[in-house]
Structures are given as structure tokens and as C-alpha cells.
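Observations on the three-dimensional arrangement
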Amino acid sequence: MRGTRLLIALIVLVAVAAAGYFTLVRRPELPAERSAGNFDPALVAQGRALAAVGNCIACHTVPGGKAFAGGLALPTPFGTIYSTNITPDTETGIGTWSEAAFQRSMREGVDRAGRHLYPAFPYDHFTLVTEADNRALYAYLMTREPVRQEAKANELAFPLNFRSLLAGWKLAFLDSGEFRPDPAKSAEWNRGAYLTEGLGHCGACHTPRNRLGAEDSAQHFAGGEAEGWQAYAINEASHAPIPWDREALAFYLRNGWHRLHGVSRGPMAEVTGNLAGLSDADIAAIATYVADRMGTPSAERKQAADRLQQQIAGSTPAPTQADSQTVPPAVAGMPGAKLYAAACATCHESGRAQPYGGLDFRLSTAVHAPNPQNIVNVTLFGLPPADGEASAVMPGFAASLSDEQIADLLAYMRARFASGEPWRDVTDMVRKTRSGEHKVAVRPADGIERAPANVGAEE
Ligand code: HEC
Ligand code: HEC
Ligand code: HEC
């Protein structure tokens, strides 16, 4: 009796495992099909705007390379993953993908052949995209110029190179399915949630990840990492000295800068640059949703912000006097004080208007955040000029300041402009960043060509 029960249990177990294997691990190949290519131009235009929100071109294009042809290296803690060619080339791109195959890849992270894709392709967000929006994206991609370019092989350590393992990852972390609106919220909030959590995949950078590379949903928007930069907290934990609100967010996302928050830099510059194609209504919807996630600032934070705004409005910037008059002697005597006055104050206390003038550091999230990585990046590499445009430019100081000098400088700036704990191990961080051990994507800041013309003219 016992033997048969055991046998039955075993058979059931094997059957369940096999069923699991076939439904989860092995996904069917979908037939190769060439799209007819006769898409409605309105649908293609809609797809173009959606692709901008999804930042598809940023990940699927090597700088200076052919658009959407893939090959960009995405470093992850598990190894390097290369983006694939998503032009309609039939041999090396997705030219033989039916719309159904494309819809499935966005919803489930599976390619046409049925292989699981790595979540470096943010399908954990794209799964929310509606069928109609995926149709428009498909029309847009299928009408791009086909480019013949083989995808590069990923460099992942054993056993992560086995894609079937991703079935387990998906079981644990992928909540597959189209966005479901929250009926308790407004239509604008829901539109914002759809764009932010779905195509916009803001959480892919702004939410910390667990050891298996999945976003930690308990810490939604609490701050993450992207291409060597800190993607600051954009929830109630935000370190912005003046709390973000709906209007400031909408302005920043629309223009790539805000006078109380500075310019959008690093990987964020690409995001705001891409959002330029979005309608004002959609930008407002994203701002409404993100502002709601940030919540109302505490009375204490609000008071501090009001005081700061008054101070800034009332102060005439005078770099040479500032130190002696308003800075406590212990801070003014720090070794970084002179470096700051010589190298930074000329621009950052010049009173020149944003975005072309350096931000008043009392307003800077970079100086108030717990991790100084972004300020290290900006100090070493500066903000390179954008091609052929008047731009917010800052020189890099890699050639003129040593690791220790930059650490001294940052210690001074932290003590003078922010109230947080002193930063630790900055010399080491500077050394690793300078040597490339910590890789940083250096890009021009955004907020340049779209700044109001009169702002740059103010000297
Ligand atoms: C953060 C980077 C990133 C972004 C943003 C991104 N992708 Fe990808 N995508 C990847 C990577 C990496 C892969 C390859 C994954 C793999 O090899 O498993 C990929 C794979 C794909 C594939 C599968 C192609 C194939 O040949 O298997 C499709 C389709 C795709 N992406 C479409 C898109 C679209 C459409 C967008 C914008 C809405 C987009 N991607 C945005 C990184 C990205
Ligand atoms: C590719 C990664 C990436 C994506 C995607 C991304 N961000 Fe960012 N974001 C960053 C980084 C990095 C920074 C910090 C840049 C800097 O030094 O100013 C940043 C900064 C910001 C800031 C300024 C925070 C502050 O206090 O200074 C806001 C607001 C913001 N992002 C909102 C968003 C929203 C909304 C989305 C989605 C539409 C989004 N981000 C998508 C990487 C990203
Ligand atoms: C030639 C002018 C110039 C000089 C010199 C300069 N900066 Fe800047 N800096 C800028 C401009 C312009 C920006 C972009 C506007 C902004 O966001 O502040 C900027 C931005 C920054 C930011 C980002 C601020 C934020 O949170 O938005 C940091 C950090 C920074 N600079 C640090 C420094 C340090 C440290 C020095 C001295 C070693 C320095 N800068 C010298 C012009 C300058």
C-alpha cells in the first residue's frame, strides 16, 4: 500500500515537474513571418513617441552606431549583456518576427524562437504595455532601416549563461500582464502610472535591486544605480533640498533642468532628452503620478526648504566674502575650502542663471545625497558640451586635481552645504572612478537646446 502511494506521489511529482518545464521553461517557437510593411503612418508616428518613452534607442544603439542595431554592452553584477539588433533585418534583426512574437517578447521576455531573454531588457516593466501600444511600437520598428549586424555573445559566468534558469527568475519576480488601472485614482494618475511603471521603466534605475537582480518592490523608487551613476530616491526618501512637486517634476522632465534642482545628467539626460517627444499631457501625467509617490513633505522638511528659498532669494552671491561671513570657522578652515574657492565658486556662486550657470550647491541633491558618486563623476569628467548647441558646460578636473584633493574638496562641500553625515572612503571612490574600475557613462547634460533663449543670455 505504502509503496503504491509513494509511487503515485512520485509519478505526480514528475508529471508536475514536466508540465512546469513545458509551460514555463520551454516556450514554443513562433513561425518566421515577414511583415507586409504597409503600416498606417499615424500608427508609426505613435510608435515613435512610445519608443522614445521606452528609451529603446538608447539601449539598442552603440554610440555613433546605426540606430537600433544593438551591440551596446550593459554591465550587470552578473556579467555583461549585449543588446540585440531590433531593426527589421531578416537575418540578424527581428525582420522575421510576427506582431505576435513581438507582443510576446514585451509581455513575457521570450524571443521568437522561444528562448528566455535576460531582464536587462526591462520586460518586467514592458509587460504592462497595452496590446495597442505594442502594435504601434511594432509598426515603428518594422519601418526602420534594416541593418545587418550580428548580436554579440553575452559574457556571463556559468551557470547564468543558461537561459532556462530565467524561467525560475520569472516565476519569482515577473508579474506578467497588461497594466490594470486603479479605479480609485484619477484618469491622469492612471495614465502617469501606466507610463512610469511600464514603458518609462523609471524603477529600472531608481529602485534598488536584490541579489538576484530583481527590483525590490518594498523599496520602490528608493534610489538605485545606472551606468556608474546614482539614480536618486524619487519617493518620500528624496534628498532634494527643495522637495520636488508636480510642477517642478513636469518642468524638469519636459526641459531637462529646473532652476531649483539643476540639470539632468548621466543616464537621466537620455531619459529627459527622449521625453521631449511626449505630449504635455503625458508629461503632466507622469509628474502627477511620481509626485504622488513622493508624498507631501513633512512640516519640518517644508520649513527648511522655505528658509533655504528665502536665504537664496536674499543673498547676493559674492564668492570671496561668503566664506568669511557665513561659514563656521571650522568649516572655512578645512583643506578643501581653498580648492573650492579657486576651482568651483567662480561658476557655482556667480549668480548666472540656470541651466548655464552652476547650481547653488545648497540646492543640489548630489551634495545632499548619502552617496557622493555623482559628484565624483561630475568633478572628474565634467559636463561635456553637447554637439553644436549652446550648452551647460563644466570642465572636468581629472587632470588638475589628485584623488586626495578631490576628497578634501568634497569633504568641505559636504560640511558647508549639507547637514548629512560626512562621506566616507571618498579617496578610494575617486581612484576607482578615475581608473575605470568603476565604469561611468559620461554624456552631455540635458536641458540645453530646450532652455528658454533668454536664460543663456543673462550674464
Ligand atoms: C535598459 C536597456 C534596454 C532598453 C531600454 C530596451 N531594451 Fe530591448 N533588449 C535589451 C537587451 C540587453 C536585450 C537582449 C536580452 C537577451 O539577450 O536576453 C534586449 C532584447 C530585446 C528584444 C528581443 C530581440 C531578440 O532578437 O531576441 C526586443 C524585441 C527588444 N529588446 C525590444 C525593445 C523595445 C521595443 C524597447 C523600447 C520599448 C527596448 N527593447 C528597450 C535592452 C534594452
Ligand atoms: C537609465 C536610468 C534611468 C531611468 C530609466 C530614469 N532615471 Fe531618473 N535619474 C537617473 C539618474 C542616474 C539620475 C541622477 C542624475 C544626476 O546626477 O542628476 C536621475 C535623476 C532623476 C531625478 C532628479 C532627482 C533629484 O533629486 O535630483 C528625477 C526627478 C528623475 N530622475 C525622475 C525619473 C523619472 C520620472 C523616470 C521615468 C520617466 C526616470 N527618472 C527614469 C537614472 C534614470
Ligand atoms: C566653468 C564653470 C564651472 C566650473 C568651474 C565648475 N562647474 Fe560645476 N557645473 C557647472 C554647470 C554649468 C553645471 C550644470 C548646471 C547644474 O546643474 O548645476 C554644473 C554642475 C555641477 C554639479 C551638479 C550639481 C547638481 O546637483 O545639479 C556638481 C556636483 C558640480 N558642478 C561640481 C563642481 C565642482 C566640485 C567644481 C570645482 C571643482 C565645479 N563644479 C566647477 C559649471 C561649472
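Right, let's walk through the structure included here. What you see is a predicted model; the values in this text were computed from it and never measured. Think of each chain on its own: its residues are numbered from 1, step by step along the sequence as written. Think of it this way: whatever chain is written first is A, whatever ligand is written first is 1, and the rest follow in order. The predicted nature of this model means local features are confined to residues of pLDDT at least 70 and side-chain atom pairs, given and counted, to a pLDDT of 80 or more, with totals for whole chains, interfaces and linings taken over all residues. Excluding hydrogens and water, the side-chain figures rest on all heavy atoms present in the structure.

Helix and strand labels come from DSSP, where a helix needs a run of H or I of at least four residues and a strand needs a run of E of at least two; each type is numbered from the N terminus. Looking only at helices and strands, the protein has 22 helices and seven strands in total. The 459 residues of the protein split such that 48% are buried. Residue contacts follow a heavy-atom distance rule, with two residues in contact if any of their heavy atoms lie within 4.5 Å. Taking all contacts inside the protein whose residues are at least 6 apart in sequence as the whole, residues at least 24 apart take part in 70%. Accessible surface computed for the protein: about 23200 Å², of which carbon and sulfur atoms make up 57%. Three exposure classes are used, based on accessible area relative to the maximum for each residue type with a 1.4 Å probe and protein chains only: buried under 20%, partly exposed in between, and exposed over 50%. Where accessible areas are quoted, they stem from the Shrake-Rupley method and a 1.4 Å probe; at the residue level, only the protein chains shown are allowed to cover.

Before going further, it helps to spend a moment on the site of ligand 2. As a matter of local geometry, ligand 2 sits amid 22 residues, with Cys 202, Cys 205, His 206, Arg 265 and Met 268 nearest to it. Whenever a nitrogen or oxygen atom comes within 3.5 Å of another N or O atom, the pair is scored as a polar contact, on the condition that within protein one atom can donate a hydrogen and the other can accept it, and that pairs from neighbouring residues in sequence are kept only if both atoms are in side chains. Interatomic distance of 2.8 Å between a side-chain N/O atom of Arg 265 and an oxygen atom of ligand 2. Residue Thr 365 places a side-chain N or O atom 2.9 Å away from an oxygen atom belonging to ligand 2. Listing elements by their share of the shell around ligand 2, those giving two or more residues are α9 (203-206), β5 (229-231), α10 (246-255) and α11 (267-275). Being near a molecule or strand, for a residue, comes down to having at least one heavy atom within 4 Å of it.

Moving on: the pattern of salt bridges. The working definition used for a salt bridge is a side-chain nitrogen of Lys or Arg within 4 Å of a carboxyl oxygen of Asp or Glu. Following the criterion strictly, the structure yields 21 salt bridges and no others. Two residues, Arg 246 and Glu 188, come together in a salt bridge whose shortest N-O distance is 3.3 Å. One end of the pair, Arg 246, is in helix α10; the other, Glu 188, is in helix α8 (residues 187-197), with 58 residues separating them in the sequence. With a relative accessible area of 31%, Glu 188 lands in the partly exposed category. Between Arg 431 and Glu 437 there is a salt bridge, with the nearest N and O atoms lying 3.7 Å from each other.

Residues enter a nonpolar core if they are buried and are Ala, Val, Leu, Ile, Met, Phe, Trp, Tyr or Cys, with the set joined through side-chain atoms within 4.5 Å. Within the largest apolar cluster, 47 residues are counted, with the highest numbers of intra-cluster contacts made by Phe 102, Met 106, Leu 137, Leu 141, Leu 199, Trp 244 and Leu 249. Residue assignment for this core shows that the elements contributing at least two residues are α2 (41-53), α4 (99-108), α6 (131-142), α8, α10 and α12 (280-294). Counting residues domain by domain, this core receives three or more from each of domain 1 (25-173) and domain 2 (187-294). Residues Cys 344, Ala 345, Phe 361 and Tyr 412 belong to the second largest nonpolar core, which totals 37 residues. The split into domains, and so the bounds of each, comes from an automatic or database assignment of domains.

Moving on, we get to the coordination of the iron atom of ligand 3. When four donors bind a metal tetrahedrally, each ideal donor-metal-donor angle is 109.5 degrees, and when six bind octahedrally, the ideal angles are 90 or 180 degrees. Those protein atoms acting as donors to the iron atom of ligand 3 are His 348 (NE2) and Met 394 (SD), and they sit at 2.0 to 2.2 Å. Note that water is not among the atoms used; donors are N, O and S atoms within 2.8 Å of the metal (3.2 Å for Na, K and Ca), so sites may look incomplete. Angle rules define the geometry names used: all angles between 85 and 135 degrees makes four donors tetrahedral, while opposite donors over 155 degrees apart and all other angles between 65 and 115 make four donors square planar and six octahedral, leaving every other case irregular. The site at the iron atom of ligand 3 holds six donor atoms, and with the angles between them running 87 to 180 degrees, its shape is octahedral. Taken together, the residues His 348 in helix α17 (residues 345-348) and Met 394 in the loop between α19 (373-381) and α20 (403-417) connect sequence positions 46 residues apart. Exposure class is identical for His 348 and Met 394. Each is buried.

Packing of α19 against helix α21 (residues 426-435) leaves a shortest axis separation of 10 Å and a crossing angle of 55 degrees. It follows from the interaxial angle that α19 and α21 lie oblique. Our pair here, α19 against α21, has a crossing hand that is right-handed. Here α19 contributes Gln 373, Val 376, Asn 377, Leu 380 and Phe 381 to the contact with α21, which in turn contributes Val 426, Met 429, Val 430, Thr 433 and Arg 434. Here an axis means a line fitted to C-alpha atoms, over the contact stretch when the element is a helix, while the angle between two N-to-C directions is reported on a 0 to 180 degree scale. For classification purposes, an angle smaller than 35 degrees is called roughly parallel, one larger than 145 roughly antiparallel, one from 65 to 115 roughly perpendicular, and anything else oblique. Throughout, a crossing is termed right-handed when the near helix is turned clockwise from the far one, and left-handed when it is turned anticlockwise from it by less than a right angle.

Let us look at α4. Among the 10 residues that make up α4, seven are buried, leaving the element largely enclosed by the rest of the structure. Inspection of α4 places Ala 101, Phe 102, Gln 103, Arg 104, Ser 105, Met 106 and Arg 107 among the buried residues, and these make up the whole buried set. Elements that come into contact with the buried residues of α4 comprise α5 (123-126) and α6.

Assignment of secondary structure puts Arg 414 in helix α20. Despite its burial, Arg 414 remains without a salt bridge, the nearest opposite charge being carried by Glu 421 at 7.6 Å. In contact with Arg 414, not counting residues within four places along its chain, are Val 367, His 368, Ala 369, Pro 370, Gly 420, Glu 421, Pro 422 and Trp 423. In this tally Asp and Glu are treated as negative and Lys and Arg as positive; neither His nor the chain ends contributes.

Here we come to the sheet that holds strand β3 (residues 155-156). Strands are labelled as partners when DSSP assigns at least two bridges between them. Spatial ordering of the open sheet is given by β1-β2-β3, a layout of three strands whose pairing is antiparallel. On the outer flanks of this sheet lie β1 (73-76) and β3, each paired with one strand and no other. Pairing between strand β2 (residues 79-82) and β3: two bridges, direction antiparallel. Looking at β3, one finds that Gly 79 is bridged to Leu 156.

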